[in-house]
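# Overview (structure and organization)
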Amino acid sequence: MTQVDTQRIERLQAKMKDAGIDALICRLPENVVYLTEYWPHHGVSVAVLPTQGGPILFIPEVEAEYGNPDWAEVIPFGWALVKDADQYQSYRALLGQLKARLNLNSATIGIEESFEVVGSTYRAAEPIVPAAPWFDMLADVFAGASLIDATDLLQTTRAIKTEYELEKLRIANEIAEIGMREFVATVKPGMTEAEVGALVEYHIRTKGPGYRGAKLVRASAEVGAGPVNSTKCVLLVPSTTYTIQEGDLVMVELGVAVDGYWADLTYMAVAGEPNDRQRDIHNTVLRAQQAAAQQVKAGAAWSDPDTAARTVLKEAGLADYFVHVTGHGIGLRYHEGIPFLMPGATAKLQAGMVTSVEPGVYIPGFGGIRIEDIVAVGEAGPIFLSTPRHPW
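Since the structure is predicted, the reported quantities are computational estimates derived from the model, not experimental observations.

We now examine the pairing of strand β9 (residues 261–270). For β9, a buried count of 10 out of 10 residues is recorded, marking the element as mostly surrounded by other parts of the structure. Here β9 shows no split at all, with Tyr261, Ala263, Leu265, Tyr267 and Ala269 on one side and Trp262, Asp264, Thr266, Met268 and Val270 on the other all buried. Across 10 bridges, the pairing between strand β8 (residues 249–258) and β9 is antiparallel. Bridged to leucine 254 within β9 is leucine 265.

In terms of burial, helix α2 (residues 29–36) is largely enclosed, as eight of its eight residues are buried. A positive backbone phi angle near 65 degrees is found at glutamate 37, which sits one or two residues after α2.

This part covers the packing of helix α6 (residues 163–186) against helix α7 (residues 193–207). For any two helices packed against each other, one specifies the crossing angle of their axes together with the interaxial distance. Remark: α6 packs on α7, axes separated minimally by 8 Å, with the N-to-C direction vectors making an angle of 140 degrees. Classified by the angle their axes make, α6 and α7 are oblique. Viewed along their axes, α6 and α7 form a crossing whose handedness is right-handed. When α6 is examined against α7, the residues Ile175, Ala176, Ile178, Gly179, Met180, Glu182, Phe183 and Thr186 are found in contact with a partner set consisting of Val196, Leu199, Val200, His203, Ile204 and Lys207. Residues belonging to the contact of α6 with α7 are distributed by class as follows: nine nonpolar, three polar and two charged.

A word on the pairing of strand β3 (residues 56–60). A large share of β3 lies buried, amounting to five of its five residues. Residues Ile56, Phe58 and Pro60 point to one face of β3 and Leu57 and Ile59 to the other, with burial holding for every one of them. Two strands pair when backbone bridges link them, and β3 and strand β4 (residues 73–77) are joined in this way by five bridges, in the parallel orientation. Each bridged residue has a counterpart across the sheet, and for isoleucine 56 the counterpart in β4 is glutamate 73.

Summed over the entire model, instances satisfying the criterion amount to 21 salt bridges. Where arginine 170 meets glutamate 167, a salt bridge forms, and the shortest distance between an N and an O atom there is 2.6 Å. Of the two residues, arginine 170 and glutamate 167 are both situated in helix α6; the distance of three residues between them amounts to about one turn of the helix. For arginine 170, a relative accessible area of 22% gives the class partly exposed. The shortest N-O distance in the salt bridge between arginine 212 and glutamate 174 comes to 2.9 Å. One end of the pair, arginine 212, is in the loop between α7 and β7 (217–225); the other, glutamate 174, is in helix α6, with 38 residues separating them in the sequence. Of the residues examined, arginine 212 reaches a relative accessible area of 37% and is grouped as partly exposed.

A word on the packing of helix α1 (residues 6–19) against helix α5 (residues 151–158). Packing of α1 against α5 brings their axes to within 10 Å, and their N-to-C directions diverge by 145 degrees. As for the relative orientation of α1 and α5, their crossing is right-handed in sense. Contacts from Arg11, Leu12, Lys15, Met16 and Ala19 in α1 reach Leu153, Leu154 and Thr157 in α5.

Calculation criteria
Residues numbered from 1 in each chain as written. Predicted model: local features only at pLDDT ≥ 70, side-chain atom pairs only at ≥ 80, totals over all residues. Heavy atoms only, no water. Buried < 20%, exposed > 50% of the residue type's maximum accessible area, 1.4 Å probe, protein only. Helix = DSSP H or I, 4+ residues; strand = E, 2+ residues; numbered from the N terminus. Pairing = 2+ DSSP bridges. Axes fitted to C-alpha atoms, helices over the stretch in contact; angles between N-to-C directions. Parallel < 35°, antiparallel > 145°, perpendicular 65-115°, else oblique. Left-handed = near helix turned anticlockwise from the far one by under 90°. Contact = heavy atoms within 4.5 Å. Nonpolar A, V, L, I, M, F, W, Y, C, P; charged D, E, K, R; others polar. Salt bridge = Lys/Arg side-chain N within 4 Å of Asp/Glu carboxyl O.

What follows is the structure, encoded as structure tokens:
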């Protein structure tokens, strides 16, 4: 995909004008992707969006080849090498020049003050996030301007995906499924949870780059197996050295980032053949998941998919074992807050929102079963961005 998603930039600029914001200045990787389609490696890049004209990207020279001039005006700067100026000296110079060029002396500028959960950089081992030195520097450089928190504007605008974004998320899910298919085909007694997770990640990391234009691919597969560890997967827990036994339930929770766009899937398998109870409970959870997905449509309450899933599980006597929410938003972060499919949530789903749909049951002495897909809100019903599972 090489086209520029002008729709989302124009939509954001319209909302900026409505909010009285003259420019956005963003450093968080998820927002840099949103403005420029560039997923930062280290997290020192800066994206600026005025209400008139296109985005501007300040990017370290060592990463400059990844900036896309079709999306943004790309301005490299020296960083991290002996020859380069101090990082904040560079910021001051670049933003000072931009202030004069865009006449932002007395402007209202939106900044990222209230993001508590943030998407990672590609170099996830050591992400860099803006903190007090960054905000103090902005206040100094833009001393005559008004700096306001644009977190809500960014989050609510990002919640409605364009067709371009939906396709990028579909690609991320297709790459995630490369690993999940390998898991289902390969898992067997004698493997450890860690080995299964590594297998999934290996196939995604080796086969994902180049798939439908993908460049940067990351994967994190956490595996819970057996009657104890699969119940711990109610929350994300690390894979262990537990050796999978014949007949064990095996759950893989998988997060995949492709050029900054996220997939989040949970797959189930049995090491061997499922027994009657495993098959029955799996298929019941699948019915609950599919019932929930059918409520992912414009105008439904955020709680409607959750209610649909719990109704199916209640009829089967399993509702008490479903202890988490049915779904969460996803896009440029693994977990986004819009929408949030949970009991009592009255906000309405809007076309273009994207959510996980992931009911699960966690039964002591038996194990856990969760089935998770990524689904977009359509005007008339759900649009699956991942491949729905089949009954056992």
